[in-house]
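Secondary and tertiary structure notes
Single-letter residue listing:
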Amino acid sequence: MSGKTQKEIDVTDNAMDSGLTPVVTEIFRMGKQSHAMHMVHLHGKPWMALMSCLAMASLICGIFVDTAWSVVFLMMVFIVFPAILAYLYFFYGLIPESAMNVAPHRLIFHKDSISSEIYALQKPAPEATEEEDDKRTENPVHILNVPLKSVESLTVGISSVTLSLKGKGAFIWIPVNAFPSEDLFKIAIQLSTRYLKHSSDKTHPDNQK
């Protein structure tokens, strides 16, 4: 599918200039299990597929050939698979743009960038007033800025979209329910992909449920 034309970019710019931007989400965060699934989906599918085939082969050999192969199967399950997940976590999951997905954060979609305001996890403060609690929520502990030109591809799911970033292997998860309305979600995705040269038809982990 061809990329966005200059006319389509100009239309998006006009919509932004009309007061619809910046588009701001509610504060949300991604579940750790979903985060791991996304990392495997984006970066670990070939390795996991290969290891799964080898594990099944060793299990079959352990049953029908020699029980010693069962030891190989157990090593695959308890050593190799966790090692692959650890590799994905340290090399991709700890990249700031990926790690912020599991922290409470708010995405702000600008004309040429996406800002992520990252917040600390709220802990009970028995003696804190309601005003102090609101202040803790309103003040982000860190802000990340991602240029829209660094967006390499998008993966569309049932209830979310994942943006893959160039170079680092990082990704940004954008769920529909983080927005006040579905229309704002659509505008945010249009902004996020305005510099994409090619559209992607990848299958999102949400679609595999």
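Let me begin by describing the structure that accompanies this report.

1. Quick notes on the packing of helix 2 (residues 32-64) against helix 3 (residues 68-93)
Helix-helix packing is described using two parameters, namely the angle between the two axes and the distance between the axes. In contact at an axis separation of 9 Å, helix 2 and helix 3 are set at 170° when each is read in the N-to-C sense. It follows from the interaxial angle that helix 2 and helix 3 lie roughly antiparallel. Tallied by class, residues from the contact of helix 2 with helix 3 come to 20 nonpolar, 8 polar and no charged.

2. A look at the side chain of Ser58
Mapped onto the secondary structure, Ser58 falls in helix 2. Of the residues examined, Ser58 reaches a relative accessible area of 2% and is grouped as buried. Not counting residues up to four positions away in its chain, the partners in contact with Ser58 are Trp69, Ser70, Val72 and Phe73.

3. Focus on the sheet that holds strand 3 (residues 113-118)
Strand order in the open sheet formed by 4 strands is 1-2-3-4, with antiparallel pairing between adjacent strands. Strand pairing shows two members of the sheet lacking a second neighbour, strand 1 (23-24) and strand 4 (142-147), which therefore form its edges. Inspection of the sheet shows strand 1 paired to strand 2 (residues 105-109) by 2 bridges, in the antiparallel sense. What sits directly across from Val23, in strand 2, is Phe109.

4. Some remarks on the environment of Phe185
Inspection of the secondary structure assignment puts Phe185 in helix 6 (residues 182-192). Classification of Phe185 by relative accessible area gives buried; the value is 11%. Along the primary structure Phe185 and Thr25 are separated by 160 residues, whereas in three dimensions their C-alpha atoms are 8.6 Å apart. Apart from the residues within four sequence positions on either side, Phe185 is in contact with Val161, Ile174, Pro175, Val176 and Phe179.

5. Thoughts on the side chain of Ser115
Looking at the element boundaries, Ser115 is found in strand 3. Polar contacts involving the side chain of Ser115 include one to the side chain of His110, which spans 3.3 Å. Polar side-chain contacts of Ser115 include one of 2.6 Å to the side chain of Asn145. In this view, Ser115 contacts Arg106, Leu107, Ile108, His110, Leu144 and Asn145; residues no more than four positions away in its chain are not counted.

6. A look at the pattern of salt bridges
The tally for this structure, following the rule as stated, stands at 2 salt bridges. The closest approach of N and O atoms between Glu117 and Arg106, which form a salt bridge, is 3.5 Å. Highlighted residues: Glu117 in strand 3 and Arg106 in strand 2, separated in sequence by 11 residues. Accessibility expressed as a relative area gives 17% for Glu117, which makes it buried. Between Asp112 and Arg194 there is a salt bridge, with the nearest N and O atoms lying 3.1 Å from each other. A residue pair is termed long-range when its members are at least 10 positions apart, and Asp112 in the loop between strand 2 and strand 3 and Arg194 in the segment after helix 6 qualify at 82 residues. Exposure remark for Asp112: the relative accessible area of 41% places this residue in the partly exposed category.

Conventions and cut-offs
What you see as residue numbers is a count from 1 along each chain, following the sequence as written. Reporting in this predicted model follows two pLDDT cut-offs: at least 70 for local features of residues, and 80 or more for side-chain atom pairs to be given and counted; totals over whole chains, interfaces and linings ignore these cut-offs and use all residues. Excluded from the side-chain calculations are hydrogens and water; all other atoms, namely the structure's heavy atoms, are used. For helices, the axis comes from a line fit to the C-alpha atoms of the stretch in contact; other axes are also lines fit to C-alpha atoms, and the angle between any two N-to-C directions lies between 0 and 180 degrees. What counts as a helix is a DSSP run of H or I of at least four residues, what counts as a strand is a run of E of at least two, and both are numbered from the N terminus. Throughout, the term roughly parallel applies to angles under 35 degrees, roughly antiparallel to angles over 145, roughly perpendicular to angles from 65 to 115, and oblique to all others. Gly is placed with the polar residues, together with every amino acid not listed as nonpolar (Ala, Val, Leu, Ile, Met, Phe, Trp, Tyr, Cys and Pro) or charged (Asp, Glu, Lys and Arg). Exposure categories follow from relative accessible area, calculated using a 1.4 Å probe and restricted to protein chains: below 20% of the type maximum is buried, above 50% is exposed, and the middle band is partly exposed. Residue contacts are defined here by distance: any two heavy atoms, one from each residue, within 4.5 Å place the two residues in contact. In this analysis, strands are considered paired if DSSP registers two or more bridges between them. Any pair of N or O atoms that falls within 3.5 Å is considered a polar contact. Within protein, one atom must be able to donate a hydrogen and the other to accept it, and sequence-neighbouring residues count only if both atoms are side-chain atoms. One side-chain nitrogen of Lys or Arg within 4 Å of one carboxyl oxygen of Asp or Glu is enough to make a salt bridge.

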